[in-house]
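# Observations on the three-dimensional arrangement
Each chain, written out:
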Amino acid sequence: MFYSKSENTENYLSSSSYQEQETQWHCLPDPELFKGLSAEETENWKTYLYTKPKKEGQKFNLRSHVIALYDPFAARKDFAAGRRWCVNVYVGCAHSCRYCYIAAYIRKPFEPRPKKNFEKLLEKDFKEIENLNLHPAPVHISNSTDPFQPIEKIHRHTLFLLRELQAHRRCFTTITMLTKNPAILCESEYLNIIQQLEIFQVEVTCPFYRDEIRKYFEPGAPRVESRLNAIETLRKNNISVSLRIDPIFPREPLPEQFFTKPLLKDYAAPESHTEEDIEQLIRFAANVGCKRVIVSPLKLTIGRFAGGDLRPDYLKLYLEAGRNGNEKIKKGSSYRLPWALYRHWREKPEQLGASLGISVFYCKNNLFDTD
Ligand code: SF4
């Protein structure tokens, strides 16, 4: 099977990585991808996405694009809408998060670099999408890099992309930006554009409320204060913002149903966020008028290219939860806590959100209301 189950979808090889590694991916088009399209529209999508096999029965190769298919190896039936775009503006990321999963598929994951000929290739993709008259789809920027990491100040590729999106707005339904550095978006040349982009939303990831914890898990990322201040500014400028508590870590008290010991340190796991930290983040999001809070549980992935990951910190704890919860925790290439435990941990945040009038969602695929 070349289409992964939804739980593995985050582990796909991004367009940037296969561009970089000069790898060609062999796969058959997932019929779900073309659901609702006419025969002609389907043919046009295939033309954009694949190099055509010379003979019947031969494999399709996924073409390399800057405007690439979102999570190309995921089963589309697991997505709210199968056809989505993703633009990874850069390759690699300076934020160097210890839980980052791009280390599983991108060489030198924490050495950010621009894509060669980014502007030219982007224009080429826009032209092709327009010429083929592809049915508008949501676009996500960026899932395997941060579009506003420090090299944006040098290359300004994200600014270029925003200008192009403005010029080709009709090609997309919604535009979603994902970042840990929303402060750049508050600068006038960015803000002026996004204020004019209809159905534009920013998802700001801020899993921690205390900066000392952020420093351990996200050593290269902007301070918590900087992110929260920027969210406030964006909201004052009427930009739609969702706050992502992503990933959400195991936290104390560890429930007896799953753990024989109550504290993280009993499992040699580091301190992360507390219930109170999460409460503060949800209260902040509600106060500034965020659209929603998105919570995504921590997966332990294997950092093939980073030479490290969080398994030494958390695996002991995950294994015990899996044994006591009677659930297999190794799913695909990552470890996940049992669902019953997530359900337990999500209760309080959801109740708090409900009392404050803000939705708190648990998600795996980062896909909310973006059609
Ligand atoms: S911001 Fe995202 S892409 Fe960048 S290092 Fe952190 S988790 Fe990885």
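The preceding data block contains the structure.
So, here's what we can say about the structure. No experiment lies behind these values; they were computed from the predicted model shown.

Cut-offs and rules
Residues numbered from 1 in each chain as written. Predicted model: local features only at pLDDT ≥ 70, side-chain atom pairs only at ≥ 80, totals over all residues. Heavy atoms only, no water. Near = heavy atom within 4 Å. Nonpolar A, V, L, I, M, F, W, Y, C, P; charged D, E, K, R; others polar. Helix = DSSP H or I, 4+ residues; strand = E, 2+ residues; numbered from the N terminus. Salt bridge = Lys/Arg side-chain N within 4 Å of Asp/Glu carboxyl O. Buried < 20%, exposed > 50% of the residue type's maximum accessible area, 1.4 Å probe, protein only. Right-handed = clockwise from strand over helix to strand, strands pointing away. Pairing = 2+ DSSP bridges. Phe/Tyr/Trp six-rings, centres within 6.5 Å; stacked < 30°, edge-to-face > 60°. Axes fitted to C-alpha atoms, helices over the stretch in contact; angles between N-to-C directions. Parallel < 35°, antiparallel > 145°, perpendicular 65-115°, else oblique. Left-handed = near helix turned anticlockwise from the far one by under 90°. Contact = heavy atoms within 4.5 Å. Core = buried A, V, L, I, M, F, W, Y, C linked by side-chain atoms within 4.5 Å.

Looking at the ligand, the residues that line it are Cys93, His95, Ser96, Cys97, Cys100, Phe110, Thr145 and Lys180. Tallied by class, residues from the shell around the ligand come to 4 nonpolar, 3 polar and 1 charged.

A word on the environment of tryptophan 85. Of note, tryptophan 85 is situated in strand β5 (residues 85-87). Taking the C-alpha atoms as reference, tryptophan 85 lies 9.6 Å from valine 66; in sequence the two are 19 residues apart.

Once that is clear, we can look at the pattern of salt bridges. Within this structure, the stated rule accounts for 20 salt bridges. A salt bridge links arginine 170 to glutamate 130; the nearest nitrogen and oxygen atoms lie 2.7 Å apart. Taken together, the residues span a long stretch of sequence, with arginine 170 in the loop between α5 (157-167) and β9 (172-179) and glutamate 130 in helix α3 (residues 118-131) at a distance of 40 residues. What makes arginine 170 exposed here is its relative accessible area of 58%.

On to unusual backbone geometry, then. Residue serine 142 is reached from isoleucine 141 by a cis peptide bond, and omega for that bond is -10°. In this fold, serine 142 is placed in the loop between β8 (137-141) and α4 (152-155). Proline 247 follows aspartate 246 through a cis peptide bond whose omega is 5°. With respect to the helices and strands, proline 247 occurs in strand β11 (residues 240-248).

A separate point is the pairing of strand β12 (residues 292-297). Burial within β12 is extensive, with 6 of its 6 residues counted as buried. What you see with β12 is no split at all: Arg292, Ile294 and Ser296 on one side and Val293, Val295 and Pro297 on the other are buried throughout. What joins β11 to β12 is helix α9 (residues 275-288), and the crossover it makes is right-handed. Where β12 and strand β16 (residues 359-362) come together, 4 bridges link them in parallel fashion. Looking across to β16, one finds that valine 293 is bridged to valine 360.

The next subject is the sheet that holds β12. Taken in spatial order, the 8 strands make up an open sheet running β4-β5-β8-β9-β10-β11-β12-β16, and their pairing is mixed. Two strands in the sheet have a free side with no partner beyond their single neighbour: β4 (68-69) and β16. Across 5 bridges, the pairing between strand β10 (residues 200-205) and β11 is parallel. Its bridge partner being in β11, glutamine 201 is matched across the sheet by serine 240.

With that out of the way, let us pick up the packing of aromatic side chains. This structure, assessed with the given rule, holds 15 aromatic pairs. Between phenylalanine 208 and phenylalanine 217, the aromatic rings sit 5.3 Å apart at their centres with planes inclined by 15°, giving stacked as the arrangement. Here phenylalanine 208 and phenylalanine 217 have matching classes, each one buried. With 5.7 Å between their ring centres and 70° between their planes, phenylalanine 259 and tyrosine 267 make a pair best called edge-to-face. Of the two residues, phenylalanine 259 and tyrosine 267, both sit in the buried class. Taken together, Tyr99, Phe208, Tyr216, Phe217, Phe249, Tyr314 and Tyr318 form an aromatic cluster joined through their ring pairs.

What follows covers the packing of helix α8 (residues 224-236) against α9. Put simply, α8 and α9 touch, their axes get as near as 10 Å, and they point 20° apart. In terms of orientation, α8 and α9 fall into the roughly parallel class. Crossing angle aside, the handedness with which α8 passes α9 is right-handed. Contact with α8, carried on its side by Leu228, Ile231, Glu232 and Arg235, involves Leu281, Phe284 and Val288 of α9 and no other residues of that element. For the contact of α8 with α9, the residue count by class is 5 nonpolar, no polar and 2 charged.

Here we take up the nonpolar core. Among the nonpolar cores identified, the biggest contains 70 residues, and Trp85 and Leu162 are the most heavily contacted of them. Ranked by the residues each element gives to this core, the list is headed by α9, at 6 residues. Membership of the second largest hydrophobic core comes to 32 residues, among which are Cys100, Tyr105, Ile106 and Tyr314.

Moving on to the sheet that holds strand β15 (residues 334-335). Read across the sheet, 3 strands follow the order β13-β15-β14 without closing on themselves; strand pairing throughout is antiparallel. Sheet topology places β13 (300-301) and β14 (330-331) at the edges, where each strand pairs with a single neighbour. For β14 and β15, the ladder comprises 2 bridges, and the chain directions are antiparallel. Residue pairing across strands places lysine 331 opposite serine 334, the latter belonging to β15.

The interhelical angle for the contact between α5 and helix α6 (residues 188-196), taken along N-to-C directions, is 25°, at an axis separation of 10 Å. Relative to α6, the element α5 lies roughly parallel. The two elements α5 and α6 meet at a crossing, and its hand is left-handed. Contacts between α5 and α6 involve Leu159, Leu162, Arg163 and Gln166 on the former and, on the latter, Glu189, Tyr190, Ile193, Ile194 and Gln196. The class makeup of the residues in the contact of α5 with α6 is 5 nonpolar, 2 polar and 2 charged.

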